[in-house]
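Each chain, letter by letter, is given below.
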Amino acid sequence: MRRIRRFFDALGQFGTRCLLVLVAFAVLSAACVGKLTVLQLVNDKGLAVAAEENRTKTVTVQANRGKIEDTNGTVLAQSVERYNVIGDPVLAQSFKPTDCTTNNKGYCHSINGKPVGTTGAAAVARLLSSVIDVDAKTLGAKLSSNLRYVVLKKNVSPEVKRKIDKLNIGGYVTTELSSIREYSNGALLGSLLGGVDGSGKGVSGIELLEDKTLTGTNGSKKYQSGGGGQVIPGTLVDSKDAVNGSDVKLTIDSDVDWYVKKALTDGVSQYHAQWGIAVVQDVRTGAIIALDDSDQIEAGSTEAMQTASRAVAQTFEPGSVGKVFAMAGMLQLGLHKMTDQFSVPSTITVDGQSYKDSHEHATTNWTLAGILQQSSNVGMIMAADQYTSEERYEFLKKFGIGQASGLNLPGESSGSLTSASTWDGRTCNTVLFGQGYSTNAMQITNAIATIANKGVKNQQYIIKSVTDADGRTTTPKRGEATRVIDESVASQMLNAMESVGEYYQAQAGISGYRIAAKTGTAQVAGSNGALTSIIADWVGVLPADNPRFVVTVILKDPEGTYGGMTAGPIFKTIGEFLMQKYQVPASTPRTDAIPVTW
């Protein structure tokens, strides 16, 4: 103790203080060494893992939505590569641009060869504004928050993305792969194709119908990133490839549909109609070749996503086209032959209810074929005296009237066909000439196609095939064909319908080809609920001697009123195009016409 006391006495007060400081530093150093030893030798693995986890990112690899194509492979809808521009405001506020010299051109910052002139979020905003169509003030405001993720611009093109990459602001600003849905033909098939929402999910039309098929499965990538957000080379630790959605091929021929759309638009304008609808169907298969309306709704638009295709959703009374289905039932049940003779006045009263033909005429001698050709309501009632209400209902149902088409198109209405037990004393007769029930364009098209297909009703379809991401093509399963009437009955009906076609030769005839048709005109409710509006329709088979197509045209409130005078000429325009496009051989002369008078 004496030696220690003498030692401190010798040091003096100042020396003692210095020594105490040295001792304190020694103790602190020892503690640090000890802690470092623990960190490196004991906890080093945990810290390394934590650091690695902090650097590791998992990003989504977006799958592309499948294409929608027409029957020939023409693309109608596809997803196009786009990028969303993402900013990190916290990092951006610490950004300091590097002025360009002759030695650092690959990683410096400039705008049109001049220095950026500022730092932080404002500098990032100035650089980015030079390549995207957003002003620097707006970008600067977005980059001045405390957030780590803000969307600065959506859906820029790959070209713009490459320009952003050359700005050397990776980490402060990044791009994320996205896509937009593009439709190649504007208003052609607009509401039928429908659209997708902001997340790429189908919400209407074919996009909704085939959403599951078109939607792919996203992949992912897991890697380590540097402080600026850039990928550290060689650190990809896990990845899962994206699987793109399948491509859907329709039966629609876009060339035909374009022509149909034009013919409808011109016809609506010519006859000052409210709207028009047209369908073209392959008789032999049930494939829908064209399905459009006169509405000018662009595919993918908000209106397309909110509005079902009129060609699918619109229902109407078919008018005298319905006589075909009623008459076919009479023949099938053996109640009449097409040559049976009737003396038909222009009016008739049954059970206190009066009915009339569209035009006054003297009592005229018509065969059953003549009743169809002249579209006589009175003649139909006379011929149906043994045709029960239940039988009338059953044959309408067998032809598909008031029944789902099986196409399952979004917004499709099945129309209305109530059971015979609900019919009043008038409806049981008006159903003979297409009033008292409602249908849609697909139903009456397939019903007439059943006549043209020798009495067999095919399942209509609009999806031709599906091709997955691996190139495997499959054909969707379709419903079975069903026989509705005997072949001989169908032949008689087609023969009588050909006489209708000849009656309207001047309005709807197609040079070199025989056509079988039925025209209709029906009074329907107008905007005030009263029967003040008109549906004028025409359904034609061509060629009649070797049926290939059924074409249906419907007009609302045309000037000219009658289907044969308004919808018929539009049918002619479409039919001429079909015969030329598909190089259909000319018809042979008609030699077996059933007499229409006696």
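As recorded in an unreviewed UniProt entry, the chain goes by Cell division protein and comes from Bifidobacterium thermophilum. For the record of the chain, the UniProt heading Subcellular location (unreviewed entry) holds the text "Membrane". Listed under Sequence similarities (unreviewed entry) in UniProt, the entry text for the chain is "Belongs to the transpeptidase family."

Enquirer: An account of the packing of aromatic side chains is needed here, citing residue identities and associated values.
Expert: Aromatic ring pairs: the centre-centre distance and the angle between the two ring planes describe each pair. A complete count under the given rule lists nine aromatic pairs for this structure. With a centroid separation of 5.7 Å and 85° between ring planes, the pair formed by Tyr-504 and Trp-538 is classed as edge-to-face. A residue pair is termed long-range when its members are at least 10 positions apart, and Tyr-504 in the loop between helix H19 (487–503) and helix H20 (505–508) and Trp-538 in strand S24 (residues 533–542) qualify at 34 residues. Note on Tyr-504: relative accessible area 16%, which makes it buried. By relative accessible area, which is 0% here, Trp-538 ends up buried. Measuring from ring centre to ring centre gives 5.5 Å for Trp-538 and Phe-571, while their planes differ by 35°; the resulting arrangement is tilted. Of the two residues, Trp-538 sits in strand S24 while Phe-571 sits in helix H21 (residues 563–581), which places them 33 residues apart along the sequence. Here the aromatic cluster, defined as three or more aromatic residues joined through ring pairs, consists of Tyr-503, Tyr-504, Trp-538 and Phe-571. One residue, Lys-161, lies across the ring of Tyr-83, its end atom 5.5 Å from the ring centre. A cation over a ring is seen here: Lys-398 above Phe-395, with NZ or CZ 4.8 Å from the ring centre.

Enquirer: Give me the lowdown on the packing of helix H13 (residues 322–332) against H19, citing residues and values where you can.
Expert: At a closest axis distance of 10 Å, the pairing of H13 and H19 adopts a crossing angle of 140°. For the element pair H13 / H19, the angle class is oblique. Read as a crossing pair, H13 and H19 show a hand that is right-handed. Residues Val-324, Met-327, Ala-328, Leu-331 and Gln-332 of H13 lie in contact with H19, whose contacting residues are Val-489, Gln-492, Met-493 and Met-497. Per-class residue counts for the contact of H13 with H19 are seven nonpolar, two polar and no charged.

Enquirer: An account of H21 is needed here, citing residue identities and associated values.
Expert: Its 19 residues place the ends of H21 26 Å apart at the C-alpha level, agreeing with the 27 Å of an ideal helix rising 1.5 Å per residue. One or two residues past the end of H21 sits Gln-583, with phi positive at roughly 50°.

Enquirer: Please give an account of the environment of Arg-310 that cites residues and values.
Expert: With respect to the helices and strands, Arg-310 occurs in helix H12 (residues 310–313). Taking relative accessible area as the criterion, Arg-310 reaches 22% and is therefore assigned partly exposed. Ignoring any residue separated from it by four or fewer positions in sequence, one finds Arg-310 in contact with Trp-275, Ile-277, Asp-293 and Asp-295.

Enquirer: An account of the sheet that holds strand S25 (residues 549–556) is needed here, citing residue identities and associated values.
Expert: Overall, antiparallel pairing links the five strands, which are arranged S12-S11-S25-S24-S23 in an open sheet. Two strands close off the open sheet at either side, each with one partner strand: strand S12 (288–293) and strand S23 (516–524). Going from strand to strand, the sheet's axes swing by 10° on average, the running direction of each strand aside. Judged from the eight bridges that link them, strand S11 (residues 275–282) and S25 form a sheet pairing that is antiparallel. Its bridge partner being in S25, Trp-275 is matched across the sheet by Lys-556. Helix-sheet contacts for helix H10 (residues 254–270) involve S11, S12 and S25, and the interaxial angle to S12 is about 35°. On the sheet, H19 packs against S23 and S24 and is oriented at approximately 75° with respect to S23.

Calculation notes
- Residues numbered from 1 in each chain as written.
- Predicted model: local features only at pLDDT ≥ 70, side-chain atom pairs only at ≥ 80, totals over all residues.
- Heavy atoms only, no water.
- UniProt positions renumbered as here; feature names shortened; annotations may be inferred.
- Phe/Tyr/Trp six-rings, centres within 6.5 Å; stacked < 30°, edge-to-face > 60°.
- Helix = DSSP H or I, 4+ residues; strand = E, 2+ residues; numbered from the N terminus.
- Buried < 20%, exposed > 50% of the residue type's maximum accessible area, 1.4 Å probe, protein only.
- Lys NZ or Arg CZ within 6 Å of the ring centre and 35° of its normal.
- Axes fitted to C-alpha atoms, helices over the stretch in contact; angles between N-to-C directions.
- Parallel < 35°, antiparallel > 145°, perpendicular 65-115°, else oblique.
- Left-handed = near helix turned anticlockwise from the far one by under 90°.
- Contact = heavy atoms within 4.5 Å.
- Nonpolar A, V, L, I, M, F, W, Y, C, P; charged D, E, K, R; others polar.
- Expected span 1.5 Å × (residues − 1).
- Pairing = 2+ DSSP bridges.

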